[in-house]
Amino acid sequence: NLPGAIFFSVVGLIQDALSPTTFGFHIVTRALVGFFIGETKERVFKDNAQGYFVFVGVASLFVKSTQFILLLIVTGSVSGWILEYLLGTIFYLVVNLIVSLPMWVILQKLGNWLEKRDSYSENFVERRHRDAQQKICISFGIINDSVHANFRGVNWQNGLSPIV
């Protein structure tokens, strides 16, 4: 999903600009994560807490393993930093999972609020459309049987009929 990749690339660019790490690392890894989120968001994250937490864990490990590969290429060996890196990876994973708990609640509340807002907007638009149709029908001397014919005690079969 291109919009997700672009959004997360911008997030990665900001992270690269603010951190003293290899420039471009955050852009690439965040773009890949954003692409994956964009492709799977409706199927995995909508109401599935387990899928959300698994994704947070997998994305965290993906980012750290990509960084590990980059560090391995730059340094040429793992001696002297591998243990510290593994402990840092575990800490990174645990912190991301802890932070994801309140984020899940916030995302659910935000999603529910947006659904209510959208349904209210759709209902409002449908009411306005129906009211406009009724005004047009009345102005042309046509009556909608579902609204007015029952009031007049007439049971029309064809839907619209001229006002008598």
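Definitions and limits used
Residues numbered from 1 in each chain as written. Predicted model: local features only at pLDDT ≥ 70, side-chain atom pairs only at ≥ 80, totals over all residues. Heavy atoms only, no water. Helix = DSSP H or I, 4+ residues; strand = E, 2+ residues; numbered from the N terminus. Buried < 20%, exposed > 50% of the residue type's maximum accessible area, 1.4 Å probe, protein only. Contact = heavy atoms within 4.5 Å. Areas by Shrake-Rupley, 256 points an atom, 1.4 Å probe, with all protein chains shown as cover. Phe/Tyr/Trp six-rings, centres within 6.5 Å; stacked < 30°, edge-to-face > 60°. Patch = residues over 30% accessible without salt bridge, like charges linked within 9 Å, V, L, I, M, F, W, Y side chains within 5 Å. Salt bridge = Lys/Arg side-chain N within 4 Å of Asp/Glu carboxyl O. Core = buried A, V, L, I, M, F, W, Y, C linked by side-chain atoms within 4.5 Å. Expected span 1.5 Å × (residues − 1). Arc of directions from axis to C-beta.

J.: For this particular structure, what's the right way to read the overall build of the protein chain?
T.: Within the protein chain one finds five helices and two strands. Counting only residues that meet the buried cut, the protein chain has 23% of its 164 residues in that class. Look at the contacts in the protein chain between residues 6 or more apart in sequence, and 47% of them connect residues 24 or more apart. Approximately 11700 Å² of the protein chain is accessible, and the part contributed by carbon and sulfur atoms is 70%.

J.: Help me out: how do you make sense of the packing of aromatic side chains in this one?
T.: Any pair of aromatic rings gets described here by the distance separating the centres and the angle formed by the planes. Across all of its chains, the model carries seven aromatic pairs by this definition. Ring geometry for Trp81 and Tyr85: centres 5.8 Å apart, planes at 90 degrees, overall edge-to-face. Side by side, Trp81 and Tyr85 carry an identical accessibility label, which is buried. In textbook terms, an aromatic cluster arises when at least three aromatic residues are bridged by ring pairs, as seen for Tyr52, Phe53 and Trp104.

J.: Hey, could you run me through a nonpolar patch on the surface in this one?
T.: On the surface, Phe91, Val95, Val99, Met103, Ile106, Leu107, Leu110 and Trp113 cluster together to form a nonpolar patch covering roughly 750 Å² of accessible area. The residue Phe91 is located in helix H4 (residues 82-139) in this model. With relative accessibility at 59%, the residue Phe91 sits in the exposed group.

J.: Would you mind showing me how to read the nonpolar core here?
T.: Across soluble globular proteins, you tend to see nonpolar side chains buried next to one another. If you look at the biggest cluster of nonpolar residues, it comprises five residues: Phe25, Val33, Phe55, Ala59 and Val63. For this core, the leading source of residues is helix H3 (residues 49-75), giving three residues. Beyond its immediate stretch of four places on either side in the chain, Phe25 contacts Asp16, Arg30, Val63, Thr66, Gln67 and Leu70.

J.: Looking at this model, I keep getting lost on helix H1 (residues 2-18). Mind explaining?
T.: Since the α-helix advances by 3.6 residues per turn, residues separated by three or four positions end up pointing in the same direction. Under the 1.5 Å per step criterion, the end-to-end length of H1 is 24 Å for 17 residues, consistent within 8% with the ideal 24 Å. Among the residues of H1, Gly4, Ala5, Ser9, Gly12 and Asp16 are the ones counted as buried. Across the axial projection of H1, the buried residues extend over an arc of 130 degrees, all falling on one side. Those residues of H1 that are exposed and aimed more than 90 degrees away from the buried face are Pro3, Phe7, Ala17 and Leu18.

J.: Whenever I open this one, the side chain of Thr89 confuses me. Can you help?
T.: Topologically, Thr89 is positioned in helix H4. Among all residues touching Thr89, those that are not within four sequence positions of it are Leu61 and Lys64.

J.: So what exactly am I meant to see when it comes to H3 here?
T.: Between its first and last C-alpha, H3 extends 39 Å over 27 residues, near the 39 Å set by a 1.5 Å rise per residue. Those residues of H3 lying buried are Gly51, Tyr52, Phe55, Val56, Gly57, Ala59, Ser60, Val63, Lys64 and Gln67. Just downstream of H3 lies Gly76, where phi reads positive at about 85 degrees.

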